[in-house]
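Close look at the chain arrangement
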Amino acid sequence: MLADEDTNLGYPTPSHKKASLCVRVGIASCLLASIYVFQSLTNWNRIETFTPWTKAVSGDENPNEVSLGNDIKELIETQQPSCKVDHAALSRAKTEAASLKKLTPLDREYFTIRMNTWKRNAQLLASIDHHAMCEGVLQIQIIWSDPDAEPPSEVINHKSGKVVVERHAVNSLNERFNMILEPPTLGILSLDDDLLRPCDALDSGFFRWKRNPNRMVGFDARSHVEDEEGWKYGSMSTTKKANTYSLILTRAAFVHSDYLKIYMDHLPRNIFNYVAINFNCEDIAMSLLVSALTGGRVPLLADLWALRSQIKVSHENAISSKKGHMSSRSNCVECFTRVLDLRSKEGHIQLSPLLESKKQIFRVGEKSGNSNDFDAAEATIIKRESDLIARLKEWVKMDKSEFRKHWNEMLGEVRSVLESHDLHVD
């Protein structure tokens, strides 16, 4: 079920576009090791190091792997980020967002998973085994950022044929949005390797996203809190108590692939650098960025039953368990909302009601202006979606005990995959 706090794993990569990475905080001091890859001449008032990234190509290269050269120059920077509105970066981002690619029939039926992982091979393989069985998953891109270890052969040559591995020479939370491989679909499910949901639950989010591709659709609602001392991050407990939300976590969220490119190319560099220095808040940055590009509107959410169907694998040393994690996230909300101009009268970020009734299990969060679920236009419905709608209608008719039995069977299928890999669930 839902975890008590935020767990954000992103352990991603170097860039194939402009401005990539900053990472690693020193033990004794907070120094930023910044790595920037730049392919076009654009002056964004940032420090850059030109690095000869190269794709490794050989006759023995596995077609399911992409590797990048390790010839990296690190630039140490200690400057603190400014929290002033970056009008120039926002203007560039809005220009790009105004022309998001249109969905094709393929994009309305399938999505691509980009999965973050770090030194947990059994967990990774279990997650792949489960998600590869989902009919809507066309490809699973594994973000591999461990230069000291090879991906397991079971991952590289996964029996599903859906898995590709991106080799990354750098580890940064920013890099989870850096697409080295071009995904086969415009719909991206950003996913951490320790979170699993039934395939129907993922489809609940995907079908909502495909009708609202300019919005993010997530499974983890969070909020911001405005008070005289400044804006703060609202944890899950704060969000539930207030029954309002304004953010989602990218540990499980659908997003248009063009937004990933906008993040890497046009996210204000002070935000980009803050994420890198603190190894935190990439999810807040992406959620707020998309809100800033859609007039302050909050992300959308999958159905409530889908939100609550999460199964989380137990593990130690999660980022969210580290000292100062929550205070850092409040700093992010305070600063990022200023930089992205989400406090102005015109673009002020909204707080949307979360639950209208304690009895509801379907629609939750902000209501989009487009068709959803039961009232979806027939012309846009694929068979997988119509089948899900039929099942949802049957659920509505079930009494509590009957629904609980069905619910446990659905989650049991996911748990059985984890148990086959000797993994424990939180």
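The sections below set out a description of the structure shown in this document.

So, how was this worked out
Sequence order as written defines residue numbering, which begins from 1 separately in each chain. Restriction of local features to residues with pLDDT of at least 70 applies here, the model being predicted, together with a cutoff of 80 or more for giving and counting side-chain atom pairs; totals for whole chains, interfaces and linings are based on all residues. Side-chain metrics in this entry use all non-hydrogen atoms of the structure; hydrogen atoms and water are not considered. Residue burial is assigned from relative accessible area. The probe radius is 1.4 Å, only protein chains are included, and a residue is buried under 20% of its type maximum, exposed over 50%, and partly exposed in between. Secondary structure elements follow DSSP: runs of H or I no shorter than four residues count as helices, runs of E no shorter than two count as strands, and numbering proceeds from the N terminus. Two strands pair if DSSP finds at least two bridges between them. An expected span of 1.5 Å times one less than the residue number is assigned to each helix. Under this scheme, a helix contributes an axis fitted over its contacting stretch, all axes are lines through C-alpha atoms, and angles between N-to-C directions fall in the 0 to 180 degree range. Our angle categories are set so that under 35 degrees counts as roughly parallel, over 145 as roughly antiparallel, 65 to 115 as roughly perpendicular, and the remainder as oblique. For this analysis, residues touch if any pair of their heavy atoms sits within 4.5 Å. Charged residues are taken to be Asp, Glu, Lys and Arg, nonpolar residues to be Ala, Val, Leu, Ile, Met, Phe, Trp, Tyr, Cys and Pro, and polar residues to be all remaining types, Gly included. Buried residues of nine kinds, namely Ala, Val, Leu, Ile, Met, Phe, Trp, Tyr and Cys, make up a nonpolar core once their side-chain atoms join them within 4.5 Å. When the centres of two rings from Phe, Tyr and Trp lie within 6.5 Å, Trp using its six-membered ring, the rings pair. Their planes under 30 degrees apart give stacked, over 60 give edge-to-face, and anything left gives tilted. Note on geometry: a ring has a charge over it if NZ (lysine) or CZ (arginine) is within 6 Å of the ring centre and within 35 degrees of the ring normal. Here, a disulfide means two cysteine sulfur atoms that sit within 2.5 Å of each other.

Now for the pairing of strand β8 (residues 187-192). Among the six residues that make up β8, six are buried, leaving the element largely enclosed by the rest of the structure. Side chains of β8 alternate between two faces, with G187, L189 and L191 and I188, S190 and D192 buried alike. Sheet topology note: the β8/strand β15 (residues 252-256) ladder contains five bridges and is antiparallel. Among the inter-strand pairings, G187 is bridged to a residue of β15, identified as H256.

Attention shifts here to helix α4 (residues 199-210). Between its terminal C-alpha atoms α4 stretches 16 Å, which fits the 16 Å expected from twelve residues at 1.5 Å a residue. Judged by how many residues are buried, α4 sits mostly within the fold: eleven of twelve residues are covered. Within α4, burial applies to D200, A201, L202, D203, S204, G205, F206, F207, R208, W209 and K210.

Okay, helix α7 (residues 269-278) next. Because an α-helix packs 3.6 residues into every turn, residues spaced three or four apart end up facing the same way. Of all ten residues in α7, nine are buried, a share of seventy percent or more. Burial in α7 covers these residues: R269, N270, I271, F272, N273, Y274, V275, A276 and I277. Backbone geometry just downstream of α7 places F279 in the positive-phi region, at approximately 50°.

Here we take up the packing of α7 against helix α10 (residues 325-339). For the pair α7 and α10, interaxial distance at closest approach is 10 Å and the crossing angle is 170°. One element, α7, and the other, α10, form an angle in the roughly antiparallel class. Residue-level contacts link N270, I271, Y274, V275 and N278 of α7 to S328, N331, C332, F336 and V339 of α10. Counted by class, the contact of α7 with α10 contains six nonpolar, four polar and no charged residues.

Moving on: unusual backbone geometry. Despite not being glycine, K119 has its phi angle at roughly 55°, a positive value. Phi at C281 is positive, roughly 80°, even though this residue is not glycine. When you line up the elements, C281 lands in the loop between α7 and α8 (282-292). Accessibility expressed as a relative area gives 0% for C281, which makes it buried.

Here we take up the sheet that holds strand β14 (residues 247-248). The three strands are arranged β12-β11-β14 in an open sheet whose pairing can be described as antiparallel. If you trace the sheet from one side to the other, it starts and ends with β12 (230-234) and β14, each paired once. Bridging between strand β11 (residues 221-227) and β12 involves five bridges; their strand directions are antiparallel. Along β12, the bridge assignment pairs V225 with K232. This element, α10, spans β11, β12 and β14 of the sheet and lies at about 130° to β12.

Moving on, we come to the nonpolar core. Ranked by internal contacts, the top residues of the largest apolar core, which has 100 residues, are I140, I142, Y259, Y263 and F336. Residue contributions to this core peak at seven residues, all from α8. Filtering out sequence-adjacent residues up to four positions away, I140 remains in contact with I113, M115, I128, H131, A132, K162, V163 and V164.

Attention shifts here to the pairing of β11. Note that β11 and β14 share two bridges and pair antiparallel. Bridging across to β14, R222 finds its partner in L247. Hairpin connection from β11 to β12: two residues lie between these consecutive antiparallel strands.

Moving on to the packing of aromatic side chains. Summed over the entire model, instances satisfying the criterion amount to twelve aromatic pairs. Note on F219 and F254: the rings are 6.4 Å apart at their centroids and 45° apart in plane angle, and the pair reads as tilted. With F219 in the loop between β10 (217-218) and β11 and F254 in strand β15, the pair connects residues that are 35 residues apart, well separated along the chain. The class of F219 is buried, set by a relative accessible area of 1%. With a centroid separation of 6.4 Å and an interplanar angle of 50°, the aromatic rings of Y263 and F272 are classed as tilted. Look at Y263 and you get buried, because its relative accessible area is 0%. Three or more aromatic residues link up through ring pairs in this structure, and these residues are F111, F206, F207, W209, F219 and F254. If you follow R343 out to its NZ or CZ, it ends over the ring of W231, 4.1 Å from the centre.

Turning our attention to the environment of G230. In this structure, G230 sits in strand β12. Taking the C-alpha atoms as reference, G230 lies 9.6 Å from C335; in sequence the two are 105 residues apart.

Quick look at the state of the cysteines now. Using the criterion set out here, one finds three disulfides in the structure. Covalently, C134 is tied to C199 through a disulfide, its sulfur atoms 2.1 Å apart. The chirality of the disulfide connecting C134 with C199 is left-handed, given an S-S dihedral of about -80°. Taken together, the residues span a long stretch of sequence, with C134 in the loop between α2 (121-132) and β6 (137-144) and C199 in helix α4 at a distance of 65 residues. For C134, a relative accessible area of 3% corresponds to the buried category. The class of C199 is partly exposed, set by a relative accessible area of 23%. The disulfide that involves C281 links it to C332, with 2.0 Å between the sulfurs. Because the torsion about its S-S bond is 90°, the bridge between C281 and C332 counts as right-handed. Of this pair, C281 sits in the loop between α7 and α8 while C332 sits in helix α10, and the two are 51 residues apart along the sequence. Both residues of the pair, C281 and C332, count as buried.

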